[in-house]
Amino acid sequence: MNRRHFLKGLVSTSYVVLSGASVLAPLNALAASGAKSKDGWLTTGTHFGAFKIKRKNGVIDQVKPFDLDKYPTDMINGIKGLVYNPSRVRYPMVRLDFLLNGHKSDTTQRGDFRFVRVTWDKALNLLKDSLDEVQTKYGPSGLHAGQTGWRATGQLHSSTSHMQRAIGMHGNFVKKIGDYSTGAGQTIMPYILGSTEVYAQGTSWPLILEESKTIILWSNDPYKNLQVGWNAETHESFAYLAQLKEKVKQGKIRVISIDPVVTKTQKYLGCEQLYVNPQTDVALMLGIAHEMVTKGLHDKKFIDGYSLGFDRFLPYLLGESDGVAKTPEWASNISGVSPEIIRDLANVMTKGRTQLMMGWCIQRQQHGEQPYWMAAVLATMIGQIGLPGGGISYGHHYSGIGVPSSGAAAPGAFPRNLDADQKPLFDSNDFKGASSTIPVARWIDAIMEPGKTIDANGSKVTFPDIKMMVFSGNNPWNHHQDRNKMKLAFQKLECVVTIDMNWTATCRFSDIVLPACTTLERNDIDVYGSYANRGILAMHKMVEPLFESLSDFEIFTRFAAVMGKEKEYTRDMSEEDWLKKLYKDCKKANDGKFDMPDFDTFWKDGYVHFGEGKPWTRHADFREDPEINPLGTPSGLIEIFSRKIAQFGYDDCPGHPTWMEKTERSHGGPGSNTFPVWMQSCHPDKRLHSQMCESKEYRETYTVKGREPVYLSPEDAKSRGIKDGDIVRVFNDRGQLLAGAVISDSFPKGIIRIHEGAWYGPVGKDGSKEGGAEIGALCSYGDPNTLTQDIGTSKLAQACAAYTCLVEFEKFRGKIPQVSSFDGPVETLI
């Protein structure tokens, strides 16, 4: 028997674990054995907040909130589990058949979880060889290294910067535009209000608390989502929410949460909740606008002076252009909100100062551009844009937006791009007629249909013929839609490389997996408060990297050395040199404004404080003088009707906000006869997207029999014979998953919730994790994107539309398979 046939026989009969640490070896013991650092309390920052962490015998012993954090999140209890968990990627690993056959491997096996441990030198040389092959055969259009995500905190060890700089030194590649969180919103809003809005600092909370009489939380759950932030989160927003709660109690501010479900924020504030049928918010908004116009409640002076195109929108609103007046009765039939309540909303919003606060989930649906556009029209009709405590915001639930900013300069980051005098090994810009940049959510379509041309934001995008993908600090097998479609697409790729800390599903479906260390296993610096910019944190290394994991800096410095470009990559500087440079540059930028000590003092103290910021009102300068301070729209005004969008001629995004039916909608909408239940897959309460799902002990505090919870109404549960704690199969014609039932009055009939970020854990028909590569495999843990459909919001944004999703569910009665999401691959001996 030749060597290859012997190996195939070995794989088909048994799996041999390599010598050394087994997959489930005690992590604390392994950490202690290699510890080099001194014990004691140290400072660090994470997306979940800043912390003081005590080390004992080289192992993380205690975690407590940073001194300035008065509202720490419960996720503090999961911090140790980010380091010590069985999902860690311990060594460089290569998929078995890829190691045997390289780019000619059997890609239908991708996802079967059979991997072989290799040395770092072997893995990095395989990476270079694969890049060489793709660039030689296909050029830069064959390589996509542009998918990026939340990455770990830290300015030096930014996974995106390191990966793209290092890969860029080898050759050019396909990149993305936009993101999954706000793809539709950030595309439409520059046409309407002149900026993306979703990531812009909003009116300060002190002004809102002082001036607002009514706050509308529209599909917005800040009390849940403000637990995390892009940088180390300060959690100062919770102090303002506590004040808002008191004002609601005293009747000084009326807060209305418009949402299909009762949110965590509504429960905390004790405010009103208004149910609306899922995906029908635009119809409700149109009904409110109709009432404003017919009763003369709208601010004509503001509309005339600060906006453009109301006269083009009005015929549609009144039914003169299409024969359908958007009356409260019309809106009620679609939205499920009574005409009386719609009329009352029109009155409430136009009496006294009203602040509209939009959430992001509302634009992650088919035609997701429309609710954001129509909400801006409502705010314009109310006439309070630019006033403290009035107008509209699109981000008060994100990263502390609304907390007054200190105004200090933040530290820079490790460079993402090549230096001006640097050239890649493969210096080609020939994308063979394809686009070098594609919408972020259309990469699977590109793999499936290379050469296809689509419309996107006024341009034509031609899909490149992607043969290889590189991911770092990014888990697209969490945030993209339709797992079975993804499997088919990945079978067309020749090589997939992932650099990560844990065995995510993205690692499972890769060929080469490189182990990165966690935030707590390397030194760095970070901003304290993404928008508050309250200060700078020293991120002290808590423990030495476990197993053979390395920092991003070290991984790609080694890869640069393989290319003969190590000094070019690092600019001949060490990690310590870079930390000192980033701090020194920040200190220089703040000279004369904010006092900063020398680096050694900062590193010893662990923190530099910039002080409190001053309250600020969004769009105030525009309101004061729209000619001197125009918006970034083509006209400089708020564009209720956009000539530019109208010129695109898109049938799914016309020149003014419009109600359009969805391909899937519950409560009598399309597809509801077959799959009657709307699945809400919003941001989780107990993690950041998929981050912290690996923290085993913390995960066990909210899972149901080891599965992700599925929240459902008592009525739906009773009609299907489901009790609290039962294992439920949720399914549609795209996929199936298992989840644990949590019955709650917060969810009405026909609506369920499964938080996105639940780790995909496919099992085969025999219940084995090796069968996870099968099309139609059952997700054993509860990833909602097993069921969501992979379509664009419209021809404008081509963004994620995960919320347009119908399902059915039933009590699971078969043999319940083990969860396959968290225990790593089957290591195979060669």
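Residues numbered from 1 in each chain as written. Predicted model: local features only at pLDDT ≥ 70, side-chain atom pairs only at ≥ 80, totals over all residues. Heavy atoms only, no water.

A count of helices and strands for the protein chain gives 29 helices and 32 strands. For the protein chain, the C-alpha radius of gyration of 27 Å lies close to 28 Å, the compact-globule estimate for 830 residues. Taken along the three principal axes of its C-alpha coordinates, the protein chain extends 85 × 65 × 55 Å. Considering only intrachain contacts with a sequence separation of at least 6, the fraction spanning at least 24 residues in the protein chain is 77%. Here the protein chain holds 96 positive side-chain charges and 95 negative ones, and the gap between their average locations is 3 Å. (Helix = DSSP H or I, 4+ residues; strand = E, 2+ residues; numbered from the N terminus. Rg over C-alpha atoms; globule rule 2.2 N^0.38 Å. Contact = heavy atoms within 4.5 Å. Lys, Arg positive; Asp, Glu negative; His and termini not counted. Charge placed at Lys NZ, Arg CZ, Asp CG, Glu CD.)

We now examine the sheet that holds strand β12 (residues 354-358). Taking strand neighbours across the sheet as the criterion, the five strands line up as β10-β9-β8-β12-β13 in an open arrangement whose pairing is parallel. Edge positions in the sheet fall to β10 (272-274) and β13 (391-393), since each of these pairs with one other strand and no more. Across the sheet, the mean angle from the axis of one strand to that of its neighbour is 20°, orientation sign disregarded. Pairing of strand β8 (residues 214-218) with β12 involves five bridges; the strand directions are parallel. Bridge assignment links L217 to a residue of β12, and that residue is M357. Most of the contacts of helix α12 (residues 281-294) go to β8, to which it runs at about 150°, and overall it touches β8, β9 (254-258) and β12. On top of the sheet, helix α17 (residues 369-382) reaches β8, β12 and β13; it is set at about 175° to β12, its chief contact. (Pairing = 2+ DSSP bridges. Axes fitted to C-alpha atoms, helices over the stretch in contact; angles between N-to-C directions.)

With that settled, the discussion passes to the pattern of salt bridges. All told, the structure shown has 44 salt bridges when counted by the stated rule. R720 is the salt-bridge partner of E808, the closest N and O atoms lying 2.9 Å from each other. Highlighted residues: E808 in strand β31 (residues 806-811) and R720 in the loop between α29 (714-719) and β26 (727-732), separated in sequence by 88 residues. Given the relative accessible area of 18%, E808 is considered buried. Overlapping salt bridges, with partners in common, bring together E291, K295, E329 and R343 in one network. (Salt bridge = Lys/Arg side-chain N within 4 Å of Asp/Glu carboxyl O. Buried < 20%, exposed > 50% of the residue type's maximum accessible area, 1.4 Å probe, protein only.)

Let us now look at the nonpolar core. The biggest cluster of nonpolar side chains holds 93 residues, and the ones touching the most others in it are W218, I288 and Y394. Residue contributions to this core peak at ten residues, all from α17. Excluding its chain neighbours within four sequence positions, the residues that come into contact with I288 are W218, I342, L345, A346, M349 and L378. Counting 53 residues, the second largest nonpolar core, distinct from the first, contains W120, F173, I525 and I555. (Core = buried A, V, L, I, M, F, W, Y, C linked by side-chain atoms within 4.5 Å.)

What follows is about the confidence of the model for the protein chain. Reading fine detail from the predicted coordinates is not recommended where pLDDT is low. For the protein chain, per-residue confidence averages 94 on the pLDDT scale, and residues scoring 70 or more make up 95% of the total. Per-residue pLDDT stays below 50 along residues 1-36; that stretch engages in 59 contacts with residues further than four places along the chain or on separate chains. (pLDDT = per-residue confidence, 0-100.)

On to the domain arrangement of the protein chain, then. The domain boundaries assigned to the protein chain delineate domain 1 (93-180 + 437-522 + 544-588), domain 2 (202-404 + 617-648) and domain 3 (677-827). Averaged C-alpha coordinates put domain 1 and domain 3 at centres separated by 27 Å. Listed per partner, the contact involves 41 residues of domain 1 and 43 residues of domain 3. Both faces combined, the contact of domain 1 with domain 3 buries some 3200 Å², and carbon together with sulfur accounts for 50% of it. Scanning the region where domain 1 abuts domain 3 turns up three salt bridges. Taken together, the connections running from domain 1 to domain 3 amount to 26 residue pairs in polar contact (both at pLDDT 80 or more). Put simply, the parts of the chain that give the side of domain 1 that touches domain 3 at least two residues each are β5 (114-117), α18 (443-448), β15 (453-456), α19 (476-479), α20 (483-490) and α21 (505-508). In terms of residue count, α20 provides more of the side of domain 1 that touches domain 3 than any other element does, five residues in total. Among the residues forming the side of domain 1 that touches domain 3, the class breakdown is 15 nonpolar, 13 polar and 13 charged. (Domains from an automatic or database assignment. Buried area = accessible area lost by both parts, 1.4 Å probe. Polar contact = N/O pair within 3.5 Å; in protein donor to acceptor, adjacent residues only side chain to side chain. Nonpolar A, V, L, I, M, F, W, Y, C, P; charged D, E, K, R; others polar.)

What follows concerns the UniProt feature "domain: Molybdopterin dinucleotide-binding" (unreviewed entry) in the protein chain. When the UniProt feature table is mapped to this numbering, "domain: Molybdopterin dinucleotide-binding" (unreviewed entry) covers residues 678-805. From the first C-alpha to the last, residues 678-805 spans 6 Å; its make-up is 8% helix and 23% strand. (UniProt positions renumbered as here; feature names shortened; annotations may be inferred.)

Burial within helix α15 (residues 328-335) is extensive, with six of its eight residues counted as buried. Each element contacted by the buried residues of α15 is listed here: α12 and α16 (339-349). The first or second residue beyond α15 is G336, which carries a positive phi of 80°.

All right, on to the environment of F641 then. Along the chain, the position of F641 falls in the loop between β23 (638-639) and α27 (643-648). Sequence spacing of F641 and F812 is 171 residues, and the spatial spacing of their C-alpha atoms is 50 Å. Once you skip the residues sitting within four places of it in the chain, F641 turns out to touch L308, G309, R312, W373, A646, G655 and H656.

This brings us to the packing of α15 against α16. Where α15 contacts α16, the axes come no closer than 8 Å and their chain directions differ by 115°. Both α15 and α16 take part in a crossing whose hand is right-handed. In this structure, α15 contributes P328, E329, A331 and S332 to the contact, and α16 contributes P339, I342 and R343. In the contact of α15 with α16, the residues fall into four nonpolar, one polar and two charged. (Left-handed = near helix turned anticlockwise from the far one by under 90°.)

Here we come to the packing of aromatic side chains. Evaluated as defined, the whole model comprises 43 aromatic pairs. When the centroid spacing of 6.1 Å and the interplanar angle of 75° are considered together, the rings of Y91 and F547 count as edge-to-face. Residue Y91 is located in the loop between α3 (79-83) and β4 (93-95), and its partner F547 is located in the loop between β21 (535-539) and α22 (552-562); the two are separated by 456 residues in the primary sequence. On the basis of relative accessibility, which here comes to 6%, the residue Y91 falls in the buried class. Aromatic rings pair up to connect W150, Y199, W230, W360, Y398 and Y531 into one cluster. Across the ring face of Y268, the terminal group of K245 is positioned such that the distance to the ring centre comes to 4.5 Å. (Phe/Tyr/Trp six-rings, centres within 6.5 Å; stacked < 30°, edge-to-face > 60°. Lys NZ or Arg CZ within 6 Å of the ring centre and 35° of its normal.)

Following the sequence through the fold, T633 ends up in the loop between α26 (620-624) and β23. One polar contact links the side chain of T633 to the main-chain amide nitrogen of G636, over a distance of 3.0 Å. Here the side chain of T633 touches L637 through a polar contact of 2.6 Å, landing on its backbone oxygen. In contact with T633, other than residues within four places in its own chain, are P190, Y191, I192, L193, G194 and E639.

Strand order in the open sheet made by the seven strands is β6-β17-β18-β19-β4-β5-β32, with mixed pairing throughout. The outermost strands of the open sheet, each flanked by one partner alone, are β6 (143-144) and β32 (826-827). Bridge count between β5 and β32: two bridges; the pairing is parallel. Note that in β32 the partner of R114 across the bridge is V826.

Right, let's get into the environment of L345. Examined against the element boundaries, L345 turns out to sit in helix α16. Once residues lying within four places of it in the same chain are set aside, the contact partners of L345 are I256, L274 and I288.

What follows covers the packing of α12 against α15. Remark: α12 packs on α15, axes separated minimally by 8 Å, with the N-to-C direction vectors making an angle of 165°. Viewed along their axes, α12 and α15 adopt a mutual orientation that is roughly antiparallel. Pair α12 / α15 crosses with left-handed handedness. Taken together, the residues of α15 that come into contact with α12 (itself represented by A283, L284, L286, G287, H290 and E291) are P328, W330, A331, I334 and S335. For the contact of α12 with α15, the per-class residue count stands at seven nonpolar, three polar and one charged. (Parallel < 35°, antiparallel > 145°, perpendicular 65-115°, else oblique.)

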